[in-house]
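# Notes for the structure review
What follows is the residue order along each chain.
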Amino acid sequence: MANTVIYTRDMCGYCAKAKRLLDQKNVDYVEYNASKDPAYRQEMISKSNGAATYPQVFIGEEHVGGCDDLYALERRGQLDALLAIA
């Protein structure tokens, strides 16, 4: 399964929703919470080419985007294939 990273912040409903989908798919992911370490925000913005909203999801080398983007992949039936990339 691909390496999955999610940048979050506390009290973010979209972050919780994105993590819930990943949890339902039994995805092991690394979470970087910018509420706990503000340096993660700049790292996220840099890695995502300027995206500053939460969450930001990365699967393997691909920047998926935010919660809506993650769910759009799921609706199109493309999320599982992306997660399966080694």
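Above this text is the structure in question.
Rules behind the numbers
- Residue numbers run consecutively from 1 along every chain, following the written order of its sequence.
- Per-residue local features of the predicted model are confined to residues with pLDDT of at least 70, and side-chain atom pairs are confined, for both listing and counting, to 80 or more; whole-chain, interface and lining totals are unaffected and use all residues.
- Only heavy atoms go into the side-chain values, all of them from the structure, while hydrogens and water stay out.
- Strands are treated as partners if at least two bridges between them are detected by DSSP.
- Helix numbering and strand numbering both begin at the N terminus, where a helix is a DSSP run of H or I of at least 4 residues and a strand a DSSP run of E of at least 2.
- To obtain each axis, a line is fitted to C-alpha atoms, and for helices this fit is confined to the stretch in contact; angles are then taken between N-to-C directions over 0 to 180 degrees.
- Aromatic pairs are defined between Phe, Tyr and Trp rings, using the six-membered ring for Trp, whenever the two ring centres lie within 6.5 Å; interplanar angles under 30 degrees are classed as stacked, those over 60 as edge-to-face, and all others as tilted.
- Note on exposure labels: buried denotes an accessible area under 20% of the residue type's maximum, exposed denotes more than 50%, and partly exposed covers the range between, all computed with a 1.4 Å probe on protein chains only.
- For a ring to carry a charge above it, either NZ of a lysine or CZ of an arginine must fall within 6 Å of the ring centroid while also lying within 35 degrees of the normal to the ring plane.
- Comment on the angle field: the value is read as roughly parallel under 35 degrees, roughly antiparallel over 145, roughly perpendicular from 65 to 115, and oblique elsewhere.
- For a crossing to be left-handed, the near helix must be turned anticlockwise from the far one by less than a right angle; the clockwise case is right-handed.
- Working rule for contacts: check all heavy atoms of both residues, and any pair within 4.5 Å makes them a contact.
- Throughout, the ten residues Ala, Val, Leu, Ile, Met, Phe, Trp, Tyr, Cys and Pro are labelled nonpolar, Asp, Glu, Lys and Arg are labelled charged, and all others, Gly among them, are labelled polar.

What follows covers the sheet that holds strand S4 (residues 62-65). The mixed open sheet is built from four strands, whose spatial order is S2-S1-S3-S4. For this open sheet the edge positions go to strand S2 (29-33) and S4, each flanked by a neighbour on one side alone. Sheet twist, expressed as the average angle between the axes of neighbouring strands with direction ignored, equals 20°. Relative to S2, strand S1 (residues 4-8) runs parallel, the two sharing five bridges.

Going through the model one piece at a time under the given rule, you end up with three aromatic pairs. An angle of 80° between the planes, with centres 5.9 Å apart, marks the rings of Tyr7 and Phe58 as edge-to-face. Taken together, the residues span a long stretch of sequence, with Tyr7 in strand S1 and Phe58 in strand S3 (residues 56-59) at a distance of 51 residues. For the pair Tyr7 and Phe58, one class covers both residues: buried. Grouping aromatic residues by their ring pairs yields a cluster made of Tyr7, Tyr32, Tyr40 and Phe58. Directly above the aromatic system of Tyr71 lies the positively charged group of Lys17, at a separation of 4.7 Å from the ring centroid. Lying across the ring of Phe58, Lys47 places its NZ or CZ 4.5 Å from the centre.

In this section: the pairing of S3. With burial as the criterion, each face of S3 is covered, one bearing Gln56 and Phe58 and the other bearing Val57 and Ile59. When S1 meets S3, the two strands line up antiparallel, connected through four bridges. Looking at the pairing, Thr4 lines up with Ile59 of S3. Bridge count between S3 and S4: three bridges; the pairing is antiparallel. Each bridged residue has a counterpart across the sheet, and for Ile59 the counterpart in S4 is Glu62. Counted between consecutive antiparallel strands, the loop separating S3 from S4 contains two residues, among which Gly60 sits at a positive phi close to 60°.

Attention now goes to the packing of helix H1 (residues 13-24) against helix H3 (residues 67-75). Working note: a packed helix pair is described by the angle between its axes plus the distance between those axes. Two numbers describe how H1 lies on H3: the axes approach to 9 Å, and their chain directions differ by 30°. Judged by the angle between their axes, H1 and H3 are roughly parallel. Between H1 and H3 lies a crossing of left-handed hand. Contacts between H1 and H3 pair Tyr14, Lys17, Ala18, Leu21 and Leu22 from the former with Cys67, Asp68, Leu70, Tyr71 and Glu74 from the latter. Considering only residue class, the contact of H1 with H3 consists of seven nonpolar, no polar and three charged.

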